[in-house]
Amino acid sequence: MTLGTPAVPAAASSINLAERLSRFSELWMPKKIADLNDYEVKITKLKGEFIWHTHEDTDELFIVISGLLTIQLRDGDVTLAPGELYVVPRGVEHCPRADEETAILLLEPAGVANTGDAGGERTAVLETLR
Ligand code: NI
């Protein structure tokens, strides 16, 4: 009889959004906190206005964690409070704005640039928070 050592799985642990948010202060710089199939779960802090842009190939999910997010659309604004979400459909031009510092969670396919088709200096290099 052989007494094997049972395989010990790596301890599973949750991802705490407040803890992850406490680790950075830059605005408009999304951080990856998890993968979901070929999607990325990202968090970011926002204040002020971003740039108008479009994602031609993908929808974009916004969930507000704290603060207040206005997603400006060409045919009207959508304002999200904590606990609210909105999906910007692919191909729809949008410009996020936050009058106070706001924290959000984003879900979109891996590799999607925050500035979409607009590009430019506000395009973020994605960092992962482990
Ligand atoms: Ni976008």
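Residues numbered from 1 in each chain as written. Predicted model: local features only at pLDDT ≥ 70, side-chain atom pairs only at ≥ 80, totals over all residues. Heavy atoms only, no water.

A. How the structure looks around the coordination of the nickel ion. At the metal site, the nickel ion is ligated by H53 (NE2), H55 (NE2), E60 (OE) and H94 (NE2), and these contacts range over 2.1 to 2.2 Å. One can describe the site at the nickel ion as irregular: its four donor atoms subtend angles covering 85 to 173° at the metal. In primary-sequence terms, the residues that donate to the nickel ion follow H-x1-H-x4-E-x33-H. In this pair, E60 is assigned in strand β3 (residues 60-66) and H94 in strand β7 (residues 94-109), connecting sequence segments 34 residues apart. Under the relative-accessibility criterion, E60 is labelled buried at 4%. Given the relative accessible area of 1%, H94 is considered buried. (Donors = N, O, S within 2.8 Å, 3.2 Å for Na, K, Ca; no water. Tetrahedral: all angles 85-135°; square planar, octahedral: opposite > 155°, others 65-115°. Helix = DSSP H or I, 4+ residues; strand = E, 2+ residues; numbered from the N terminus. Buried < 20%, exposed > 50% of the residue type's maximum accessible area, 1.4 Å probe, protein only.)

B. Quick look at the packing of aromatic side chains. For the structure shown, the criterion picks out one aromatic pair. Between R74 and the ring centre of W52, over which it is positioned, the NZ or CZ distance is 3.6 Å. (Phe/Tyr/Trp six-rings, centres within 6.5 Å; stacked < 30°, edge-to-face > 60°. Lys NZ or Arg CZ within 6 Å of the ring centre and 35° of its normal.)

Treat this as a map of the structure, not an account of what it does.
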